[in-house]
Amino acid sequence: MAARKLLLLPGDGIGPEAMAEVRHIISWMNDHEAAGFETDEGLVGGAAYDAHGQSISDADMEKAMAADAVLFGAVGGPDWDSVAYEVRPEAGLLRLRKDMELFANLRPAICYPALADSSSLKPEVIEGLDILIVRELTGGVYFGEPKEIIDLGNGQKRGIDTQVYDTYEIERISAVAFDLARTRNNKVCSMEKHNVMKSGVFWKEVVTDTHKNGYEDVELSHMLADAGGMQLVRWPKQFDVIVTDNLFGDMLSDVAAMLTGSLGMLPSASLGAPDAVSGKRKALYEPVHGSAPDIAGTGAANPIAMIASFAMCMRYSFEMIDEAARLEAAIAKVLDDGLRTGDIMSDGMKQVGTTEMGKAVLDAYKSMTS
Ligand code: NAD
């Protein structure tokens, strides 16, 4: 079996603390399951700025391009608030997304049964929730030109952003959504605003055409993005996969994320186009949360989002479906057993720190491995 090449970019704040727990899991899997992970490490964010004066060095960028998958921790913090805009910590993540052409952002919203009470919604609304938001990540209004503030010369100014999508951009993101739906409950809901936006009319048209071209076995529906926001908090379990553009996806994925409780629980994946020769997609996996400077260094960070990001990595980059499912089941078991980090703590549960939570998940994984 060819080595599975992973680049670890722990970053700043709680990033390295959470990544340490994933490193333990990788090393156990290599020793006991011949998983064949070959890991390399690099610097990103403030850590890279301190070492190289850049938010990611060219050498580490090359490693990212050569890896089968990148595991990313988190970047940023008050130490770098005053560095130049081009080299701010977040610029490292943006460069990774841009150079690796990661156009598909996958944000699952899964409610572990043991945490159903910690959502702001009623337990019956979110218990057993398992939906996936597929957000277009490299186009749309965040990147479209013109993008400027112009002086109208009459004491007024005008701010302009441009929502723009080409056919191929909508085709490839909807294909990702349809492909993923086939591995789940086979339903895709596409969200846009065709009632008021030309780009919405076009989005709906291209998604419909893509569906007709080889994906008719998948159930497709369309919903206006504002109605989608309402439905997400009313009855989220009606959805399986939601596909939407960069702007609506930014908002809808955060809404969906918060259905399930803490930031410390939420993984994500960003995928590029399949390579013409190997068929493998470039991929980066990261927790949704940031570097949490308020708790960094205290050993209190919840490592589950990072561990669940690694589970996504096994599923989407290495087709290690059983191992990914087992790691997710291990997370669920530890929560069932009553272990909680501070961010998800509730009455009657046992509060633990980062390393204890990471070890408990690995122990549960081991106990499920025959
Ligand atoms: P944050 O996600 O770092 O923290 C928000 C709150 O959630 C904090 O109270 C934090 O303690 C808590 N929290 C987050 N993750 C947690 C975890 N795993 N376990 C326990 N508690 C957790 O967001 P912020 O405070 O707005 O930003 C802090 C820094 O992170 C900023 O520099 C910001 O730019 C950066 N940031 C980076 C990323 C990224 O690397 N992808 C994403 C968001 C924010």
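Residues numbered from 1 in each chain as written. Predicted model: local features only at pLDDT ≥ 70, side-chain atom pairs only at ≥ 80, totals over all residues.

(A) Summary view of the overall build of the protein chain. Within the protein chain, the secondary structure is distributed over 12 helices and 14 strands. For the protein chain, whose C-alpha radius of gyration is 21 Å, the value lies close to the compact-globule estimate of 21 Å for 370 residues. Dimensions of the protein chain, computed from C-alpha atoms along their principal axes, come out at roughly 60 × 50 × 45 Å. Contacts spanning at least 24 positions in sequence make up 72% of the contacts within the protein chain whose residues lie at least 6 apart. (Helix = DSSP H or I, 4+ residues; strand = E, 2+ residues; numbered from the N terminus. Rg over C-alpha atoms; globule rule 2.2 N^0.38 Å. Contact = placed C-beta atoms within 7 Å.)

(B) Looking closely at the site of the ligand. The full set close to the ligand counts 22 residues, and Gly-76, Gly-264, His-289, Gly-290 and Asn-302 are the nearest of them. Counted by class, the shell around the ligand contains 10 nonpolar, eight polar and four charged residues. (Near = placed C-beta within 6 Å. Nonpolar A, V, L, I, M, F, W, Y, C, P; charged D, E, K, R; others polar.)

(C) Quick look at unusual backbone geometry. Between Glu-145 and the following residue, Pro-146, the backbone shows a cis peptide bond with an omega angle of 0 degrees. Along the polypeptide, Pro-146 turns up in strand β6 (residues 144-151). Even without glycine at this site, Asn-186 takes up a positive phi of about 65 degrees. Looking at where Asn-186 falls in the secondary structure, it is placed in the loop between α6 (167-182) and β8 (187-192). Residue Asn-186 is classed as partly exposed on the basis of its 14 C-beta neighbours within 10 Å. Of note, the phi angle at Glu-319 is positive, near 50 degrees, even though the residue is not glycine. Along the polypeptide, Glu-319 turns up in the loop between α10 (304-318) and α11 (321-336). (Buried ≥ 20, exposed ≤ 12 C-beta atoms within 10 Å, placed from the backbone.)

(D) Summary view of the packing of α11 against helix α12 (residues 354-368). α12 packs onto α11 with a crossing angle of 120 degrees between their chain directions and a minimal axis gap of 8 Å. Viewed along their axes, α11 and α12 adopt a mutual orientation that is oblique. Handedness of the crossing formed by α11 with α12: right-handed. Here Arg-326, Leu-327, Ala-329, Ala-330, Ile-331, Lys-333 and Val-334 of α11 lie close against α12, whose contacting residues are Ala-360, Val-361, Ala-364, Tyr-365 and Met-368. (Axes fitted to C-alpha atoms, helices over the stretch in contact; angles between N-to-C directions. Parallel < 35°, antiparallel > 145°, perpendicular 65-115°, else oblique. Left-handed = near helix turned anticlockwise from the far one by under 90°.)

(E) Structural view of the domain arrangement of the protein chain. By domain assignment, the protein chain separates into domain 1 (1-110 + 264-370) and domain 2 (130-259). Taking only C-alpha atoms into account, the centre of domain 1 sits 26 Å from that of domain 2. Counting residues at the interface gives 16 residues for domain 1, matched by 17 residues for domain 2. Elements represented by at least two residues in the side of domain 1 that touches domain 2 include exactly β4 (104-110) and β11 (267-274). Among the elements that make up the side of domain 1 that touches domain 2, the one with the highest residue count is β4 (seven residues). By residue class, the composition of the side of domain 1 that touches domain 2 is 11 nonpolar, two polar and three charged. (Domains from an automatic or database assignment.)

(F) The arrangement of the sheet that holds β4 in detail. With mixed pairing, the 10 strands of this open sheet are ordered in space as β2-β1-β3-β12-β11-β4-β5-β10-β8-β9. Pairing within the sheet leaves two strands with one partner each, and these edge strands are β2 (37-41) and β9 (219-224). Along the sheet, successive strands turn relative to each other by an average axial angle of 20 degrees, direction set aside. Contacting β1 (4-11), β3 (69-74), β11 and β12 (281-287), α10 runs over the sheet at an angle of about 165 degrees to β12. (Pairing = 2+ DSSP bridges.)

(G) Quick peek at the pairing of β6. Little of β6 is tucked away: zero of the eight residues are buried. Across five bridges, the pairing between β6 and strand β7 (residues 157-162) is antiparallel. Across the sheet, Gly-144 pairs through a bridge with Thr-162, a residue of β7. Hairpin connection, β6 to β7: the antiparallel pair is bridged by five residues, and Gly-153 has positive phi, about 80 degrees.

(H) Seen up close, the pairing of β11. Most of β11 is tucked away: six of the eight residues are buried. Bridge count between β4 and β11: three bridges; the pairing is antiparallel. Following the sheet pairing, Ala-104 is matched in β11 by Leu-271. Of the pairings in the sheet, the one linking β11 to β12 comprises six bridges and is antiparallel in character. In the sheet register, Ser-268 faces β12, and the bridge partner there is Glu-286.

(I) The nonpolar core, seen in detail. Counting 107 residues, the largest nonpolar core has Leu-71, Val-134 and Ile-307 as its most contacted members. Top contributing element to this core by residue count: α10, with 11 residues. Two domains each put at least three residues into this core: domain 1 (1-110 + 264-370) and domain 2 (130-259). (Core = buried A, V, L, I, M, F, W, Y, C linked by C-beta atoms within 7 Å.)

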